[in-house]
Amino acid sequence: LLKGYLDKDNEGYGTGALIDACSGEELAYGYSDADGDCNDNNNEINPDEDEMQYDGIDQNCDNAAEFSDEIPDVEWNEDGTGVLDLNNYAVDFDDDELEFYVYNTSDENYISIDSIENGIVNFSSEKNWNGEDWIVFLIVDEEGYAISNEITLRVLPVNDAPKFAGEIENIT
């Protein structure tokens, strides 16, 4: 009598409780001596698989946070603010609380992060500045971390109304 886990997709990892399986010298087809399969209906999802970024699928069953999609560029008008909700692109398969950080960015100082709270990032730029910069984010949970794609931050120019800065002489 051998013990094993049900392995419906027969990729070498089972799921559920360890059960008695009557099979002689080896476990029968459909059983495995290893558990840890997080999707026993798909043989391309198991602890031996490589994780693929930006697909929202936990291929390697590690339950680590990941980005479900590439984050698009963020644009806002000069003298305004930009907002990015990282929660729209982050997924955690076992519902751990996620932490969000800046992983990398340029050395330029024209764009500021005013806050990162609960995955909501608020950006601003220097007054009357327009142009582009970039940023990369990091998400962390109890099982691991993931790094985002490089995101372009684009501050669009605004045609400011002219202001008179001189004096007008009184002409009579």
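Residues numbered from 1 in each chain as written. Predicted model: local features only at pLDDT ≥ 70, side-chain atom pairs only at ≥ 80, totals over all residues. Heavy atoms only, no water.

J.: What am I meant to see in the sheet that holds strand β2 (residues 15–21) here?
T.: Strand-to-strand pairing in sheets goes through backbone hydrogen bonds, with the strands running parallel or antiparallel. Read from one edge of the open sheet, three strands run β2-β1-β3, paired in antiparallel fashion. If you trace the sheet from one side to the other, it starts and ends with β2 and β3 (31–32), each paired once. (Pairing = 2+ DSSP bridges. Helix = DSSP H or I, 4+ residues; strand = E, 2+ residues; numbered from the N terminus.)

J.: What should I look at first to understand unusual backbone geometry in this one?
T.: With phi around 60°, Asn63 is a residue other than glycine that occupies positive phi space. Its place among the elements puts Asn63 in the loop between β3 and β4 (66–67). Using a relative accessible area of 26% as the deciding quantity, one classes Asn63 as partly exposed. The phi torsion at Asn128 lies on the positive side, around 65°, for a residue other than glycine. Note on placement: Asn128 falls in the loop between β10 (120–125) and β11 (131–141). Classification of Asn128 by relative accessible area gives partly exposed; the value is 43%. (Buried < 20%, exposed > 50% of the residue type's maximum accessible area, 1.4 Å probe, protein only.)

J.: Whenever I open this one, the environment of Lys163 confuses me. Can you help?
T.: Here Lys163 is to be found in the segment after β13 (151–156). Relative accessible area serves as the criterion here: at 77%, Lys163 is assigned to the exposed category. On a C-alpha basis, the gap between Lys163 and Val102 in space is 38 Å, while along the polypeptide they are 61 residues apart.

J.: Sorry, what's going on with the pattern of salt bridges here?
T.: Applying the stated criterion to the full structure yields four salt bridges. Between Arg154 and Asp73 there is a salt bridge, with its nearest N and O atoms 3.3 Å apart. With Arg154 in strand β13 and Asp73 in the loop between β4 and β5 (74–77), this residue pair connects regions lying 81 residues apart in the sequence. A salt bridge links Glu75 to Arg154, with the shortest nitrogen-to-oxygen separation between them at 2.8 Å. Note that Glu75 is positioned in strand β5 and Arg154 in strand β13, a separation of 79 residues in sequence. Among the charged side chains, a salt-bridge network with shared partners connects Asp73, Glu75, Glu132 and Arg154. (Salt bridge = Lys/Arg side-chain N within 4 Å of Asp/Glu carboxyl O.)

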